[in-house]
Amino acid sequence: MASKLKLGINIDHVATIRNARGGLHPDPIKAALIAQSAGADNITAHLREDRRHISDIDIKKLVRKLRIPLNLEMAPTKEMLKIAINSKVKRVCLVPEKRKEITTEGGLNVIRNKKKISLIITKLQNYNIKVSLFIDPCLKQIGVCKELKASSVELHTGEFCDNKKNKKKEFIQIKKSANFAKNNKLECHAGHGLKYNDVKEIAKINEITELNIGHFIIGESIFDGLKQSILKMRKIIDSSRKKSFYLKSA
Ligand code: PXP
């Protein structure tokens, strides 16, 4: 029987909404704790160089408060390496980063950046941090991940999710890549752009052991939770109409 497929929840988009107003709400830590209580197997957070969503303080709080592992996504840079080591995370996923991109476009090119990535992996592993590499589903890239002694690869599922015409071709490529990773003793994760329909197919690939999903789940939570939030606000408004703390104490 296939083993249970783990689910990591990416909370970056809660921080995006928080940062839109520059305040503290909605708190991504609260979202992470709800995800944990809902059975998430890990929390994923991407500390970007421009700090457009998750902040350094968020990472510190997540490390302190979570029972489940934090999967820190980061670019392979000296700055991020220092943060990963100092924050005592147990897991890192190296991702490519371009300042102007809306989201992570494509996987790391581990073939082209082998030397730089190798140095970062070695340093992280010296601190017992498990390293995953976010790559496109490509056998050559996986071969180099093996040489680099990564613990796992995370296959970028964006092309599969967004590609309307060649979905089957993309699916087969992911399946082949997952199989190749497993045969090379690399744990195989997958993520990016996954929605309910896409996940139905990807979850059938037994070699994949973990999915990391963010944007769609946070988006759906608006619809699944919006009614509750409006009803709660209505209730508070109605009951508060009767008494005023400030007016009484003025
Ligand atoms: N995995 C990695 C490595 C990512 O960079 C992202 C996006 O930050 C995700 C998974 C989650 O993608 P999405 O938010 O589209 O579900």
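Residues numbered from 1 in each chain as written. Predicted model: local features only at pLDDT ≥ 70, side-chain atom pairs only at ≥ 80, totals over all residues. Heavy atoms only, no water.

A. Seen up close, the pairing of strand β7 (residues 187-191). Of all five residues that make up β7, four are buried, and the element is covered over most of its length. As judged from the five bridges shared by strand β6 (residues 152-156) and β7, these two strands associate in the parallel manner. Bridge pairing in β7 links E154 to H189. Direction of pairing for β7 relative to strand β8 (residues 208-213): parallel, over a ladder of four bridges. What sits directly across from A190, in β8, is L211. On the question of chirality, the crossover connecting β7 to the parallel β8 by way of helix α9 (residues 196-202) is right-handed. (Buried < 20%, exposed > 50% of the residue type's maximum accessible area, 1.4 Å probe, protein only. Helix = DSSP H or I, 4+ residues; strand = E, 2+ residues; numbered from the N terminus. Pairing = 2+ DSSP bridges. Right-handed = clockwise from strand over helix to strand, strands pointing away.)

B. Local environment of the site of the ligand. Taken together, 14 residues sit near the ligand, with E73, E154, G193, G214 and H215 positioned nearest. Contact between the ligand and E73: an oxygen atom at 3.0 Å from a side-chain N or O atom of the residue. Burial of the ligand by the protein amounts to 95% of the accessible area it has alone, namely 390 Å². Because more than half of its atoms lie within 2 Å of the grid, the ligand is assigned to the second largest pocket. Within the residue set of the shell around the ligand, elements represented by two or more residues are α1 (12-21) and β8. Taken together, the residues that form the shell around the ligand break down as three nonpolar, eight polar and three charged. (Near = heavy atom within 4 Å. Polar contact = N/O pair within 3.5 Å; in protein donor to acceptor, adjacent residues only side chain to side chain. Areas by Shrake-Rupley, 256 points an atom, 1.4 Å probe, with all protein chains shown as cover. 1 Å grid on protein atoms, 1.4 Å probe; cavity = no way out; pocket = protein on both sides within 12 Å on 5 of 7 lines; lining within 4 Å. Sits in = over half its atoms within 2 Å of the grid points. Nonpolar A, V, L, I, M, F, W, Y, C, P; charged D, E, K, R; others polar.)

C. Region of interest: the layout of surface pockets. Computed from the structure, the largest pocket encloses a volume of approximately 1,200 Å³. Residue lining of the largest pocket: 33 residues in total, with A31, I34, I218, S221 and I222 positioned closest to the centre. Contributions of two or more residues to the lining of the largest pocket are made by β1 (6-10), α1, α2 (28-37), α9 and α10 (215-240). Take the lining of the largest pocket: its biggest share by element is 13 residues, from α10. Its residues assigned to classes, the lining of the largest pocket comprises 22 nonpolar, five polar and six charged. Considering only enclosed or pocket space, the second largest pocket measures out at about 700 Å³ in volume. Every residue lining the second largest pocket is counted, 34 residues in all, and those nearest its centre are T103, T104, H192, G193 and H215. Of the residues belonging to the lining of the second largest pocket, the class tally is seven nonpolar, 17 polar and ten charged. (Points joined across faces, edges and corners; volume = space filled by probe spheres on them.)

D. Quick peek at helix α6 (residues 139-147). Those residues of α6 that sit buried are Q141, I142, V144 and C145. An end-on view of α6 places all buried positions within 160° of arc, on one side of the element. Contacts made by the buried residues of α6 are with α5 (114-126), β5 (130-135), β6 and α8 (167-183). In the segment just after α6, K149 is the residue with positive phi, at about 60°. (Arc of directions from axis to C-beta. Contact = heavy atoms within 4.5 Å.)

E. Geometry of the packing of α2 against helix α3 (residues 56-65). α3 packs onto α2 with a crossing angle of 30° between their chain directions and a minimal axis gap of 10 Å. Taken together, α2 and α3 sit at an angle that is classed as roughly parallel. Here α2 and α3 pass one another in a crossing that is right-handed. Contacts between α2 and α3 involve P28, I29, A32 and L33 from the first element and D58, K61, L62 and K65 from the second. Its residues assigned to classes, the contact of α2 with α3 shows five nonpolar, no polar and three charged. (Axes fitted to C-alpha atoms, helices over the stretch in contact; angles between N-to-C directions. Parallel < 35°, antiparallel > 145°, perpendicular 65-115°, else oblique. Left-handed = near helix turned anticlockwise from the far one by under 90°.)

F. Looking closely at the nonpolar core. With 61 residues, the main nonpolar core has L94, L124 and L133 as its most contacted residues. No other element matches the five residues that helix α4 (residues 78-87) contributes to this core. Leaving out residues up to four positions away in the same chain, L124 has contacts with M74, L81, A84, V92, L94, I129 and V131. (Core = buried A, V, L, I, M, F, W, Y, C linked by side-chain atoms within 4.5 Å.)

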